[in-house]
Amino acid sequence: LTLWPSTSCRRGFNLRRDVYIRIASLLKTLLKSENWVLVLPPWGRLYHWQSPDIPQVRIPWSEFFDLPSLNRNIPVIEYEQFLAESGGPFIEQIYVLQGYAEGWKEGTWEEKIDERPCIDQLMYSKDKHEYYRGWFWGYEETRGLNVSCLSVQGSASVVAPVLLKNTSAQSVMLDRAENLLHDHYGGKDYWNTRRSMVFAKHLRVVGDKFRNKYLQSTDEADRTHYKEDWTQMKVKMGTALGGPYLGVHLRRKDFIWGHREDVPSLQGAVKKIRSLLEMHKLEKVFVATDAVEEEIELLKKLLPEMVRFEPSWEELELYKDGGLAVIDQWICAHARC
């Protein structure tokens, strides 16, 4: 039995990663009764992936995450593997998850799920063969056999009874899975899933080489030793030193539009960065940012201590915007502070 979640195209990288954690909890509930596997929906263009002239659809999870690490937590497969093993590009049942038309009224919180009429217009249409056609992550040949809407209010595992008892489909897609909440946010299962989401090794290697070359940072010197098997990672708090640099995520673009009153000017951000460098007695700062080119040039003038991962065209084409964001995160995660 196969299951995969799909989220709104408006969702960013980290929000989709959070949805994966919720669905992993659902899968663990299902596995107590039946054998299920999670099909990883291919990545498509996200808002922050704005590099032109680079195809950024039908991207497998292995481009960003280490699949063996994911499988140490729950059984997962790529969509291409599902296609190869299922005998055709057909999804037997699509459930579109939605809220309740009447909303939630004040009072006792109740977890519930019901098959209801669709509130919004479906993003699927029937073709001449009575198959449902839709976006399906850029796989135009994929078809759905049945589509229904489920109104949900509650955690991810509220869907389990429907999947175990109310459907005989061997492949099920949960559309708009962001409507589900965490089963146990911050609990052991939550953190096991979060820890299993190890970034792909080829991206970590790029980040490590950059750290070594431009930031004098290595795992040995920084006391950030790493094991490929996350289940074997046992680290005592306070033992890691981190690289001799400050890591900064400087958000611009849409973050400014939504937080105009709270976001400092570039000059204000540079002033804060300098105070942190002085406080921690550091001389270099690694900056991960979505700033436009004009702002980048101003930053270079205002902050000559700044170091950035600036990919070549070949690297951009190879790793794509999502991979470059992972490399930035990896470098920032190894900073002294």
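Relevant structure appears above.
Here the structure is a predicted model, which is why all the values come from computation and not from measurement. (Residues numbered from 1 in each chain as written. Predicted model: local features only at pLDDT ≥ 70, side-chain atom pairs only at ≥ 80, totals over all residues. Heavy atoms only, no water.)

Draft legend 1. Representation of the overall build of the chain. Secondary structure assignment for the chain yields eleven helices and 14 strands. Whereas a compact globule of 337 residues would reach a radius of gyration of roughly 20 Å, the chain reaches 22 Å, a difference of no more than 12%. When burial is assessed residue by residue, the chain has 49% of its 337 residues classed as buried. A separation of at least 24 residues holds for 74% of the contacts in the chain among residues at least 6 apart in sequence. On the chain, roughly 18300 Å² of surface is accessible, and the fraction owed to carbon and sulfur atoms is 52%. Put simply, the chain has 45 plus and 47 minus side-chain charges, and the middle of one group is 5 Å from the middle of the other. (Helix = DSSP H or I, 4+ residues; strand = E, 2+ residues; numbered from the N terminus. Rg over C-alpha atoms; globule rule 2.2 N^0.38 Å. Buried < 20%, exposed > 50% of the residue type's maximum accessible area, 1.4 Å probe, protein only. Contact = heavy atoms within 4.5 Å. Areas by Shrake-Rupley, 256 points an atom, 1.4 Å probe, with all protein chains shown as cover. Lys, Arg positive; Asp, Glu negative; His and termini not counted. Charge placed at Lys NZ, Arg CZ, Asp CG, Glu CD.)

Draft legend 2. Highlighting the packing of helix α1 (residues 13–31) against helix α5 (residues 188–196). Their axes nearest at 10 Å, the elements α1 and α5 cross at an angle of 125°. With respect to α5, the axis of α1 lies oblique. Of the two elements, α1 crosses α5, and the hand of that crossing is right-handed. Where α1 abuts α5, its residues Arg 17, Asp 18, Tyr 20, Ile 21, Ala 24 and Lys 28 lie against Asp 189, Tyr 190, Asn 192, Thr 193 and Arg 194. Residues of the contact of α1 with α5, tallied by class, amount to four nonpolar, two polar and five charged. (Axes fitted to C-alpha atoms, helices over the stretch in contact; angles between N-to-C directions. Parallel < 35°, antiparallel > 145°, perpendicular 65-115°, else oblique. Left-handed = near helix turned anticlockwise from the far one by under 90°. Nonpolar A, V, L, I, M, F, W, Y, C, P; charged D, E, K, R; others polar.)

Draft legend 3. Seen up close, the nonpolar core. Core analysis: the biggest nonpolar cluster contains 61 residues, and Tyr 20, Leu 26, Trp 43, Trp 61, Phe 65, Leu 70 and Phe 286 have the highest contact counts within it. The element that contributes the greatest number of residues to this core is α1, accounting for nine residues. Other than its neighbours up to four places away in sequence, Phe 286 contacts Phe 210, Leu 215, Tyr 245, Leu 246, Gly 247, Val 248, Val 307, Arg 308, Phe 309, Asp 328, Ile 331 and Cys 332. In terms of nonpolar packing, the next biggest core, distinct from the first, is built from 17 residues, Ile 77, Tyr 124, Cys 149 and Met 173 among them. (Core = buried A, V, L, I, M, F, W, Y, C linked by side-chain atoms within 4.5 Å.)

Draft legend 4. Summary view of the pairing of strand β12 (residues 246–250). A one-sided burial pattern is seen for β12, the buried positions being Leu 246, Val 248 and Leu 250 and the unburied ones Gly 247 and His 249. The sheet contact formed by β12 and strand β13 (residues 285–289) spans five bridges and is parallel. Paired with Leu 246 across the bridge in β13 is Val 285. (Pairing = 2+ DSSP bridges.)

Draft legend 5. Focus on helix α11 (residues 313–333). Between the first and last C-alpha of α11 there are merely 25 Å, a value that for 21 residues lags more than 12% behind the 30 Å anticipated at 1.5 Å per step. Along α11, the sharpest change in direction is near 95° and occurs at Lys 320. Buried residues of α11: Leu 316, Tyr 319, Lys 320, Asp 321, Gly 322, Gly 323, Leu 324, Val 326, Ile 327, Asp 328, Trp 330 and Ile 331, and no others. (Expected span 1.5 Å × (residues − 1). Bend = angle between axes of the 7 residues up to and from the residue.)

Draft legend 6. Quick peek at the packing of helix α6 (residues 201–215) against α11. Between α6 and α11, whose axes approach to 9 Å, the crossing angle comes to 50°. Taken together, the axes of α6 and α11 are oblique relative to one another. In this structure, α6 meets α11 at a crossing whose hand is right-handed. Between α6 and α11, the residues in contact are His 202, Leu 203, Arg 204, Val 206, Gly 207, Asp 208, Phe 210, Arg 211 and Leu 215 and Tyr 319, Gly 323, Val 326, Ile 327, Trp 330 and Ile 331, respectively. Grouping the constituent residues of the contact of α6 with α11 by class yields nine nonpolar, three polar and three charged.

Draft legend 7. Seen up close, the pattern of salt bridges. Scanning all chains against the criterion turns up 15 salt bridges. Among the salt bridges present, the one from Asp 229 reaches Arg 72, with a minimum N-O distance of 3.5 Å. Taken as a pair, Asp 229 in the loop between α7 (219–222) and β12 and Arg 72 in the loop between α2 (67–71) and β3 (76–78) lie far apart in primary sequence, 157 residues in all. Taking the shortest distance from any N to any O, the salt bridge between Asp 222 and Arg 211 comes out at 3.2 Å. Here Asp 222, found in helix α7, pairs with Arg 211, found in helix α6; they are eleven residues apart in sequence, far enough to count as distant. Salt bridges sharing partners connect three or more residues here, namely Asp 208, Arg 211, Asp 219 and Asp 222. (Salt bridge = Lys/Arg side-chain N within 4 Å of Asp/Glu carboxyl O.)

Draft legend 8. Seen up close, unusual backbone geometry. Positive phi outside glycine occurs at Glu 130, with the angle close to 70°. When its relative accessible area of 48% is taken as the criterion, Glu 130 is described as partly exposed.

Draft legend 9. Summary view of α5. Those residues of α5 that sit buried are Tyr 190, Asn 192, Thr 193 and Ser 196. Along α5, the residues classed as buried sweep out an arc of 165° about the axis, all on the same side. In the core, the buried residues of α5 are packed alongside α1 and α2. (Arc of directions from axis to C-beta.)

Draft legend 10. Region of interest: the state of the cysteines. Scanning all chains against the criterion turns up one disulfide. Disulfide partner of Cys 118: Cys 149, at an S-S distance of 1.9 Å. In this structure the cystine formed by Cys 118 and Cys 149 twists about its S-S bond by roughly 100°; its chirality is therefore right-handed. One end of the pair, Cys 118, is in the loop between β6 (112–115) and β7 (125–126); the other, Cys 149, is in strand β10 (residues 147–153), with 31 residues separating them in the sequence. Judged by its relative accessible area of 33%, Cys 118 falls in the partly exposed class. With no disulfide of its own, Cys 332 lies 11 Å from the sulfur of Cys 337, the closest cysteine sulfur. (Disulfide = S-S within 2.5 Å.)

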